[in-house]
Every structure is written in C-alpha cells, then in structure tokens.
Amino acid sequence: MSQEVLKIEGLSVAVDGKVILDKVDLTINEGEVHVLMGPNGAGKSTLGYSLMGNPKYEILEGKVTFKGEDLLEKSVDKRAKAGLFLSFQSPQEIPGVTLADFIRSGMEAKGERVSLYKFKKNVKSDLELLNMDASYLDRDLNVGFSGGEKKKAEILQLLCLKPALAILDETDSGLDVDAVRTVSAGVEAYKKSHNGALLIITHSTKILEALSVDRTHVLVGGHIAAEGGPELVDEINENGFEKYLNN
Amino acid sequence: MAEEKTYVEDIDRNIYDIKDEGQDSFSLDGGLTLDIVKQISEEKHDPEWMREFRIAAYEKYCSIKLPDWGPSLGGLNMNEIISYVRPNTKMSAKWSEVPDYIKNTFERLGIPKAERESLAGVGAQYDSELVYHNVKKEVAEQGVIYTDMESALTGEYADMVKEHFMKLVPVTDHKFAALHGAVWSGGSFVYVPKGVQVSIPLQSYFRLNAPGAGQFEHTLIIVDEGASLHFIEGCSAPKYNVANLHAGCVELFVGKNAKLRYSTIEKKKKNMYNLNTKKVKVEEGGTIEWVTGSFGSHVSCLYPMSILNGRGAHMEYTGITFAGEGQNLDTGLKVVHNAPETTSLTNAKSISKSGGISTFRSEVIITGKAKKSKASVSCESLMIDNISRSDTIPAMDIRTDDADVGHEATIGRISDEAVFYLMSRGLSEEEAKAMIVSGFAENVSKELPLEYAMEMNNLIRLEMVGSIG
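Predicted model only: the values in this text are computed from it and were never measured.

Scoring rules and cut-offs
Residues numbered from 1 in each chain as written. Chains lettered and ligands numbered in written order. Predicted model: local features only at pLDDT ≥ 70, side-chain atom pairs only at ≥ 80, totals over all residues. Heavy atoms only, no water. Helix = DSSP H or I, 4+ residues; strand = E, 2+ residues; numbered from the N terminus. Buried < 20%, exposed > 50% of the residue type's maximum accessible area, 1.4 Å probe, protein only. Contact = heavy atoms within 4.5 Å. Pairing = 2+ DSSP bridges. Axes fitted to C-alpha atoms, helices over the stretch in contact; angles between N-to-C directions. Buried area = accessible area lost by both parts, 1.4 Å probe. Salt bridge = Lys/Arg side-chain N within 4 Å of Asp/Glu carboxyl O. Core = buried A, V, L, I, M, F, W, Y, C linked by side-chain atoms within 4.5 Å. Domains from an automatic or database assignment. Polar contact = N/O pair within 3.5 Å; in protein donor to acceptor, adjacent residues only side chain to side chain. Parallel < 35°, antiparallel > 145°, perpendicular 65-115°, else oblique. Nonpolar A, V, L, I, M, F, W, Y, C, P; charged D, E, K, R; others polar. pLDDT = per-residue confidence, 0-100. Phe/Tyr/Trp six-rings, centres within 6.5 Å; stacked < 30°, edge-to-face > 60°.

**Observations concerning the overall build of chain B**
Here is step 1 of the chain: Looking only at helices and strands, chain B has 12 helices and 24 strands in total.
Here is step 2 of the chain: Here chain B, with 469 residues, has 62% of them falling under the buried criterion.
Here is step 3 of the chain: Contacts in chain B between residues at least 24 apart in sequence constitute 83% of all its contacts with a sequence separation of at least 6.

Have a look at this one:
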C-alpha cells in the first residue's frame with residue numbers, strides 16, 4: 001500500500017459561528033487523484049481553506065494528519081513548507097510584487113534559492129506548457145490578469161513549488177474549453193513529474209480527462225454523502241446531486 | 001502551538017544605531033545667543049555679507065513664533081540644543097586622510113564602497129562639517145561645480161551663491177528657516193552649466209552624530225538652461241535620547257528646459273525632529289522631480305515646495321512615508337502653478353504601523369496666470385494595524401477657470417486574505433506583510449538608483465520583519 005499523505009478524521013469547521021463542515025473523513029495516499037464534488041454551498045471550498053489554514057475558518061473538532069504530522073497545529077506557511085498547496089479560486093491581486101518574485105520567494109521558503117536569471121530559464125518549459133508568455137513573470141501578481149490567466153499562474157506556481165498534495169479549488173471554473181485543456185495539461189505534468197497527489201474540487205469532468213481518478217467524494221450539506229471510484233463522477237454528471245439532497 | 005502572530009513588533013534597528021564616542025573639538029553649550037552666532041561666523045571665516053546675514057537671521061529667529069499647526073514640537077527645547085558641533089578634522093579630498101573613527105562610521109554605512117562603485121561625488125557630512133568630499137574627474141571636466149557650501153562662499157562662484165542664497169527660502173519663512181540662516185553649516189553647492197547632462201547621480205551622504213546636535217546644512221543647486229542633473233540626498237543618524245533637530249535648507253533653481261531630479265532617502269533616528277525646508281523654482285519648460293522616502297525621525301515636517309514659474313514647467317512628486325511606533329511624520333508638498341500650461345503630478349503613499357501617525361498635506365495653488373495648467377494629486381495610505389493613524393489634508397487654491405485639477409485619496413489595510421494567500425506559498429506572516437508593503441512602495445523604489453531601492457526595501461523589511469534578508 002502506498003504512503004498516506006493526508007488523513008482527515010471527523011473534521012468539523014465553522015465560519016462566523018455557522019457550522020459548514022460536519023465530521024468529514026477523507027484519506028489521500030501518495031500520488032492519488034481524488035475528486036471532490038458537491039452542490040454550491042456544500043462546503044467544498046471550506047475544506048480547502050481549512051486544510052490550508054485560513055484563520056477565518058474555525059476548527060471545531062477533528063484531526064488532520066499530513067505526511068504523518070498534525071497539520072492543524074501548523075501555521076499556514078509551515079503547511080506550505082510541509083508540501084501542501086492550494087490553487088485558489090480567485091487568487092488575490094498584489095500590486096508591486098511580480099509573479100516571478102512571488103514564486104521565487106515561495107521556492108526560497110522551501111530552501112530552494114535561485115537567481116532571477118536561472119529561474120526564468122528553468123520556468124520556460126512550464127510557461128510554454130501553460131501557453132503563457134514570459135512577460136507574465138514580470139507583471140504584478142494577478143493584477144489585471146483575466147480569470148484564465150490567474151488560474152494558469154496558479155498552476156505555474158504548482159509546477160514550481162512541487163508540493164506533495166495539491167488542492168485545486170475549482171481551477172477549471174469560468175475557463176473556456178482551450179484554457180481548461182491547458183490547465184489540465186499543467187496538472188498532468190505536476191502529477192507525472194513527481195507523483196504528486198491531488199484533491200480536485202470541480203463541477204465538470206473536462207479537467208479530469210487527462211488524469212486517472214482514484215476516488216470520488218460527494219460533499220453535501222457539510223458531510224460526505226457518497227464515495228466511489230471514477231464512475232461516480234460520470235454518475236453525478238448525469239443525475240446531479242438530487243439523490244443525495246433528498247437523503 | 002500557536003505560531004501565528006497577530007501583532008508585528010516594532011524592531012530594534014541596531015545596525016543603523018552605530019555611535020562613535022564623541023571626539024568633538026568644539027561644542028557650544030545650551031541655547032542660541034547672538035554671541036554664538038557671531039562666534040560661528042568667525043569660526044567659519046564668513047565673508048562680511050554672510051556675517052551680517054546670520055545676525056539678521058538671528059534677529060528674525062528671536063521674533064518669529066513656533067508654528068501653531070502640525071505635529072507638536074513640545075519635545076524640542078531650543079535652549080538645550082547644541083547647535084554646532086565640529087569633528088576633529090579638516091576638509092579632506094582623500095579617503096586616507098579621514099580620521100579612523102569617522103571612517104568606521106562611513107564604512108558601516110557603506111560610503112567608501114559607494115564611492116568605489118563610481119558614484120559621481122560623495123560629500124559626506126559628519127556632524128556639521130564636511131569631512132570627506134570628492135568629485136569625480138569626469139563631472140568636473142564637464143564644468144560641473146560640486147563643492148561644499150563654505151568653499152562656495154569664497155570660490156569662483158561666490159557671486160552666484162550670494163545671489164541665490166536663501167532667496168527662495170527667505171529667513172522670514174518660518175522660525176526654523178530663520179534659525180537655519182543664523183547657524184547654517186555645511187551642505188553642498190552644485191552648478192550645472194548650460195546644456196550639460198550629468199549622467200551619473202551626485203550624492204551627498206551625511207549623518208548626525210553628537211548627542212543633542214542640530215544639523216543645519218544648506219544645499220544650493222543651480223541647473224542652467226537645458227542641463228540635467230540627478231541629486232541624491234541620503235541621510236542617516238544614530239539614535240540618542242536627547243531630542244535632535246534637523247533644520248536644513250534646500251534651494252533648487254531649474255533653468256529653462258532644464259531637468260533636476262532630487263531624491264531623498266531619509267532614515268534619521270526616531271528621536272529626531274526633522275524640519276527641513278526645500279524649495280525649487282522652475283523656469284519655462286523645465287522639470288523638477290522629487291523622489292522621497294521618509295522612514296526615520298520622531299517628528300517630521302517636510303513639504304517641498306515647487307514654484308512653476310515659466311510656461312510648460314513641470315513637477316513630479318513621488319513619495320513614501322513610513323511611520324512606526326512613536327513617530328509623527330507630517331509630509332506633503334506645495335506646488336504653485338504660476339505660468340500657463342504648467343503641470344504637476346503627485347503620487348504619495350504612506351504607511352503607518354504600531355501607533356505611528358502619518359499625515360499628508362498637499363497644497364496646490366493655481367494663480368490667475370496659470371491658464372491651461374494641470375495638477376493631479378493622488379495619495380494612498382496603508383494601515384498595518386488598528387492603532388495607527390493616517391490623515392490626508394488636501395488644499396487647493398485655484399484662481400482661474402481654465403485649469404484641470406484633480407485629487408484622489410484612498411486608505412487601505414493589508415487584507416487578511418492577501419496575507420493568507422502569500423503564506424500559503426510558504427512565506428511567514430511577517431514576510432508576507434513585508435512583501436505586500438514593499439509592493440505598495442514599489443512605485444517609489446523603482447524611481448531610485450538600485451542601491452537606494454535595495455536600501456529602501458531593506459528598511460521596509462527591517463520595520464516589518466525585524467531583520468535584513
């Protein structure tokens with residue numbers, strides 16, 4: 001059996017006093033691809049933010065182990081350094097900080113110090129894969145980026161930071177078909193390059209086409225309503241969540 | 001184990017707090033008297049007109065009251081300020097002749113290094129006297145005069161100095177201008193002849209040292225028709241418990257179609273009263289660019305004034321202020337559009353943290369003569385916490401219908417979501433905040449020469465993280 005990367009046990013989370021996640025269990029092993037589906041407001045993004053450590057999300061109970069260590073006691077940056085990554089649905093715009101400097105700071109935090117020149121050289125193939133012009137590196141982080149450009153920039157960070165587990169929070173939403181394909185190619189490259197695990201929060205199947213899904217989880221009303229293999233994705237695409245809502 | 005901090009501590013800036021034991025050859029006790037002013041004049045071998053000028057200024061100083069607006073100057077006791085301190089050395093053009101204890105201070109500040117790196121001229125003022133002054137040959141060969149003010153008084157350009165000295169900033173301006181006129185000491189004189197483009201920036205680096213010492217340097221720069229210059233004023237002063245006063249004066253003259261960029265990185269220590277007066281007069285088609293970074297001082301009142309006196313004259317102001325604990329930084333600018341088609345563009349930013357107060361005052365005056373003029377003022381403030389304060393006080397006096405004047409002010413905080421985003425890539429909370437603040441200041445730092453931009457980023461880091469990375 002392969003190594004366990006993430007183990008969530010009985011996780012309950014509240015935002016502004018309102019319980020959003022209710023006793024969630026979920027385990028991801030090394031290199032596995034998990035899909036998290038669910039209707040709007042089910043708490044999918046909350047799970048992503050809680051795992052990454054957004055202070056707005058209050059952990060009520062439960063335990064999360066990441067690579068054998070207690071994740072919840074770590075600060076956000078320590079979680080990142082441990083190998084957790086979250087691709088944001090709508091990443092923040094940071095004026096005056098270039099994309100290149102941002103990624104290099106993240107790499108440096110992990111102990112990988114590279115000169116700007118070398119970084120730009122190394123990142124060239126990733127940029128090509130993501131169909132991004134090199135000029136993005138010198139642009140202010142996400143400032144004036146279109147929705148698609150922001151998502152690509154997130155995946156570029158994923159490729160550079162090489163985490164053990166990447167949570168993709170609706171990375172494919174709002175993108176046209178070509179952009180989804182591009183982003184998907186980036187995710188596939190991440191997966192292949194060092195067998196990274198994935199938790200993909202999505203509404204569509206487009207982003208999954210190039211990947212082989214190991215497990216599917218259906219989150220409804222803050223708890224896991226169903227689990228299954230890749231076939232569950234197709235089933236939900238066909239029938240929606242109604243069946244779980246009525247339960 | 002809670003690792004997240006909710007409060008960014010104010011940090012100790014030991015690296016800038018280097019103090020040499022006082023070896024002053026000449027100190028005057030206590031407050032200012034007419035005798036002291038006469039003594040200063042004698043010591044400096046002033047020409048007769050300057051001696052009279054100082055005495056007249058002293059009389060004004062006695063009659064003008066302290067300003068009744070702006071930050072409190074209550075901690076400033078003029079009777080305790082030793083206004084004139086002179087180190088144990090004469091002017092020196094050779095590094096080897098500079099005394100060791102002064103060299104140590106300079107070396108810690110990186111000045112000889114800067115010099116080696118072919119910076120045009122380094123005039124470093126130690127306390128009230130220029131001790132090290134070196135003008136690169138190529139600049140002198142272009143006919144550019146770069147010298148200390150004392151030499152300028154008696155040198156080849158003595159008449160030019162007399163003609164301009166405290167004409168833009170008359171001693172009647174305010175109490176500290178009068179004080180300056182009476183006791184000024186040191187500073188730089190620059191004359192750039194017609195059409196000469198000085199391609200490398202001239203730098204004047206000085207620092208305050210002796211406890212309780214005031215600093216009254218005078219800077220006079222004349223950029224003649226069609227010429228251009230970038231002048232950098234950098235200063236740093238170590239920290240003492242006695243209130244220190246800085247009442248320098250900067251007078252700039254920009255000729256027809258000439259261009260002057262005047263950059264300042266000010267990081268005086270946090271017990272300093274920084275009450276500098278700066279003014280420029282710009283003739284037809286000329287340009288003045290102010291680039292200012294204010295980090296230090298207990299209290300600062302800095303409002304460079306630009307008089308756009310000829311058709312099409314232009315001013316640009318790019319400035320940033322960082323007010324930390326115990327600091328009240330009152331900055332801003334004044335611009336007078338006094339000719340047709342003059343333009344001014346102001347882009348100011350301020351950061352306040354740990355209870356620091358930053359105030360931005362702008363005054364735009366468009367006279368009846370300034371038809372078709374344009375003025376734009378933008379002020380952005382960033383608050384790091386809930387106990388700090390940031391104010392914007394714009395004033396406009398427009399005497400013509402035919403002008404375009406705009407003002408914009410925004411105030412913001414470092415958003416938790418932005419910090420979370422940066423931290424999610426491995427940056428600590430302090431690093432994340434420092435990165436956001438550096439980004440906020442980027443439009444100023446990119447206007448500075450590389451070494452100053454790096455220094456400014458280091459200062460921001462120092463304030464935000466407590467270390468230099």
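We are not done yet, so read on.
**What about the sheet that holds strand β11 (residues 215–220) of chain A?**
All names here are of chain A.
Here is step 1 of the chain: In spatial order, the strands read β6-β9-β10-β3-β11-β12; together these six strands make up an open sheet with mixed pairing. In the strand order of this sheet, the two ends are held by β6 (84–87) and β12 (223–228), each with one partner. Between one strand and the next, the sheet's axes are offset by a mean angle of 20 degrees, whatever the strand orientation.
Here is step 2 of the chain: Here strand β3 (residues 33–37) pairs with strand β10 (residues 197–201) via four bridges, running parallel. Residue pairing for β10: V35 is matched across the bridge by I200.

**Considering the side chain of B:N338**
Residues and elements named next belong to chain B.
Here is step 1 of the chain: With respect to the helices and strands, the residue N338 is situated in the loop between β19 (328–337) and β20 (343–352).
Here is step 2 of the chain: The class of N338 is buried, set by a relative accessible area of 18%.
Here is step 3 of the chain: Apart from the residues within four sequence positions on either side, N338 is in contact with L308, N309, T367, K369 and A370.

**What about the interface of chain B and chain A?**
A common measure of how large an interface is: the accessible area buried when the components associate.
Here is step 1 of the chain: Contact residues are listed per partner, giving 20 residues for chain B and 34 residues for chain A.
Here is step 2 of the chain: Summing both partners gives a buried area of about 2,300 Å² for chain B against chain A, and 64% of it is carried by carbon and sulfur.
Here is step 3 of the chain: For the chain B face of the interface with chain A, the top three residues by lost area are B:F420, B:Y421 and B:R425, together amounting to 36%.
Here is step 4 of the chain: Here chain B and chain A share two salt bridges between them.
Here is step 5 of the chain: A salt bridge links A:K56 to B:E417; the nearest nitrogen and oxygen atoms lie 3.9 Å apart.

**Notes on the nonpolar core**
Here is step 1 of the chain: The biggest cluster of nonpolar side chains holds 115 residues, and the ones touching the most others in it are A:L156 and B:L422.
Here is step 2 of the chain: Per-element accounting of this core gives the leading share, seven residues, to helix α6 (residues 147–161) of chain A.
Here is step 3 of the chain: When residues of this core are sorted by domain, at least three fall in each of domain 1 (14–302) and domain 2 (414–469) of chain B.
Here is step 4 of the chain: Beyond its immediate chain neighbours, meaning those up to four positions away, A:L156 contacts A:L99, A:I103, A:V123, A:D126, A:L127, A:L130, A:M132 and A:L137.
Here is step 5 of the chain: Counting 45 residues, the second largest nonpolar core, distinct from the first, contains B:L168, B:C301, B:V336 and B:I365.

**Quick notes on the environment of B:H337**
Residues and elements named next belong to chain B.
Here is step 1 of the chain: When you line up the elements, H337 lands in strand β19.
Here is step 2 of the chain: Here H337 falls in the buried class, since its relative accessible area comes to 0%.
Here is step 3 of the chain: For the pair H337 and I307, spaced 30 residues apart in sequence, the C-alpha separation works out to 6.4 Å.
Here is step 4 of the chain: Sequence-distant contacts of H337, that is, excluding residues within four places in its chain, are made with L308, T342, T343, S344, V364, I365, I366, T367, A370, S373, K374 and A375.
Here is step 5 of the chain: A polar contact is formed between the side chain of H337 and the side chain of T342, at a distance of 2.9 Å.

**Some details on the packing of α6(A) against helix α7 (residues 177–194) of chain A**
Residue and element names in this part refer to chain A.
Here is step 1 of the chain: With their axes 9 Å apart at the nearest point, α6 and α7 run at an angle of 10 degrees to one another. In terms of their interaxial angle, α6 and α7 are classed as roughly parallel. Counting all contacts with α6, which are made through K152, I155, L158 and L159, the residues of α7 involved are T182, V183, G186, V187, A189 and Y190.
Here is step 2 of the chain: Looking at the contact of α6 with α7 residue by residue, the classes come out as seven nonpolar, two polar and one charged.

**Re the pattern of salt bridges**
Residues and elements named next belong to chain B.
Here is step 1 of the chain: Counting across every chain of the model gives 28 salt bridges over all chains.
Here is step 2 of the chain: For D46, the salt bridge goes to R54, with nearest N and O atoms at 2.5 Å.
Here is step 3 of the chain: A relative accessible area of 13% means that D46 is categorised as buried.
Here is step 4 of the chain: Given the relative accessible area of 0%, R54 is considered buried.
Here is step 5 of the chain: Here the salt bridges share partners, and the residues they tie into one network are K259, R261, E289 and E447.

**Focus: the confidence of the model for chain B**
All names here are of chain B.
Here is step 1 of the chain: For chain B, the average pLDDT comes to 79, and 74% of its residues sit at 70 or higher.
Here is step 2 of the chain: The weakest mean pLDDT in chain B belongs to strand β2 (residues 85–86) at 37; the strongest belongs to strand β17 (residues 305–308) at 98.
Here is step 3 of the chain: Taken together, the stretch residues 1–30 has pLDDT below 50 and engages in 90 contacts with residues farther than four places along the chain or on a different chain.

**Some points on the pairing of β3(A)**
Looking down a regular strand, the side chains alternate between one sheet face and the other.
Residues and elements named next belong to chain A.
Here is step 1 of the chain: A large share of β3 lies buried, amounting to five of its five residues.
Here is step 2 of the chain: The side-chain alternation of β3 yields two buried faces, one formed by V33, V35 and M37 and the other by H34 and L36.
Here is step 3 of the chain: As judged from the four bridges shared by β3 and β11, these two strands associate in the parallel manner. Note on β11: the bridge partner recorded for H34 is R215.

**Some points on unusual backbone geometry**
Negative phi characterises most residues that are not glycine, and trans characterises most peptide bonds.
Residues and elements named next belong to chain A.
Here is step 1 of the chain: Unusually for a residue other than glycine, N142 sits at a positive phi of about 65 degrees.
Here is step 2 of the chain: Along the chain, N142 falls in the loop between β8 (140–141) and α6.
Here is step 3 of the chain: Owing to a relative accessible area of 0%, N142 belongs among the buried residues under this scheme.
Here is step 4 of the chain: Despite not being glycine, N195 has its phi angle at roughly 55 degrees, a positive value.
Here is step 5 of the chain: Judged by relative accessible area, N195 falls into the partly exposed class, the value being 39%.

**Digging into the pairing of strand β6 (residues 188–192) of chain B**
All names here are of chain B.
Here is step 1 of the chain: Buried residues dominate β6, accounting for five of its five residues.
Here is step 2 of the chain: Because side chains alternate across β6, one face comprises the buried residues S188, V190 and V192, and the other comprises F189 and Y191, equally buried.
Here is step 3 of the chain: As defined by bridge partners, strand β5 (residues 145–148) adjoins β6 across four bridges and the pair is classed as antiparallel. For T147, the partnering residue across the bridge sits in β6 and is F189.
Here is step 4 of the chain: Here four bridges tie β6 to strand β8 (residues 218–223), and the two strands are oriented parallel to one another. Across the sheet, Y191 pairs through a bridge with I222, a residue of β8.

**Topic: the packing of aromatic side chains**
Here is step 1 of the chain: Taken as a whole and judged by the stated rule, the model has 19 aromatic pairs over all chains.
Here is step 2 of the chain: Considering the side-chain rings of B:Y146 and B:F231, the 6.2 Å spacing of their centres and the 90 degrees angle between planes classify their relative orientation as edge-to-face. You can see B:Y146 sitting in strand β5 and its partner B:F231 sitting in strand β9 (residues 228–236), a full 85 residues away along the chain.
Here is step 3 of the chain: Where B:Y262 meets B:W290, the ring centres are 5.8 Å apart and the plane angle is 70 degrees; that geometry is what we call edge-to-face. Taken as a pair, B:Y262 in strand β12 (residues 259–267) and B:W290 in strand β15 (residues 287–294) lie far apart in primary sequence, 28 residues in all.
Here is step 4 of the chain: For B:W290, a relative accessible area of 1% puts it in the buried group.
Here is step 5 of the chain: Following the ring pairs from residue to residue traces out a cluster consisting of A:Y49, A:Y57, A:F88, A:F102, B:F420 and B:Y421.

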